Amino acid sequence: ISWVPGNAWGLTIGAIQRNSPAAAAGLASGDTLVAIDGQRYDQFDGPDPMLNQLRGDAGKTVNLTIIGSGGQTRDITTTLRPPGRPSWKACSGSTI
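Heads up: these notes are all about the structure in this document.

What counts, and where the lines are drawn
Residues numbered from 1 in each chain as written. Predicted model: local features only at pLDDT ≥ 70, side-chain atom pairs only at ≥ 80, totals over all residues. Heavy atoms only, no water. Buried < 20%, exposed > 50% of the residue type's maximum accessible area, 1.4 Å probe, protein only. Helix = DSSP H or I, 4+ residues; strand = E, 2+ residues; numbered from the N terminus. Pairing = 2+ DSSP bridges. Core = buried A, V, L, I, M, F, W, Y, C linked by side-chain atoms within 4.5 Å. Salt bridge = Lys/Arg side-chain N within 4 Å of Asp/Glu carboxyl O.

1. With respect to the pairing of strand β5 (residues 61-67)
- Among the seven residues in β5, five count as buried, and that is most of the element.
- As judged from the four bridges shared by strand β3 (residues 32-36) and β5, these two strands associate in the antiparallel manner. Looking at β5, one finds that alanine 35 is bridged to threonine 65.
- Pairing analysis gives seven bridges linking β5 to strand β6 (residues 73-79), with the strands arranged antiparallel. When the bridges of β6 are listed, isoleucine 66 appears paired with arginine 74.
- Linkage of β5 to β6, two consecutive antiparallel strands, is achieved through a turn of five residues, within which glycine 71 is found at a positive phi near 95 degrees.

2. Some words on the nonpolar core
- Core analysis: the biggest nonpolar cluster contains 16 residues, and Leu27, Leu33, Ile36, Met50, Leu54, Leu64 and Ile66 have the highest contact counts within it.
- Secondary structure elements with two or more residues in this core: β2 (8-16), β3, α2 (48-56) and β5.

3. A look at the environment of proline 21
- Checked against the element boundaries, proline 21 lands in helix α1 (residues 21-24).
- Proline 21 sits 57 residues away from threonine 78 along the chain, and the two C-alpha atoms are 6.7 Å apart.

4. What to know about the pattern of salt bridges
- The final tally for this structure, using the stated rule, is two salt bridges.
- Among the ionic pairs, arginine 74 bridges to aspartate 31, the shortest N-O distance being 2.8 Å. Placement of the pair is arginine 74 in strand β6 and aspartate 31 in the loop between α1 and β3, with a sequence separation of 43 residues.
- When its relative accessible area of 4% is taken as the criterion, aspartate 31 is described as buried.
- Measuring nitrogen to oxygen at the nearest pair gives 4.0 Å for the salt bridge that ties aspartate 57 to lysine 60.

Function cannot be read off these values alone, since they describe shape.
Encoded structure:
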């Protein structure tokens, strides 16, 4: 998790599993997740609030705001996998 100037706290993606919803949505290693369904994380509480929201939304379609490794911001819509079927791993080692 890191501060993204002008945005909020972001969760940097470390790895994407092939043929996963994350891969199909166009997420890539090095991308930073800065918002889930428009909710940004302005207070530093570690990665847990963002990870817990993603886990709580498992099986649902969500809008993710991503800042790519080149600095471009984009919104993607994807359906999160149910628990037990990880799609991507945060750099912190947490699997989503």
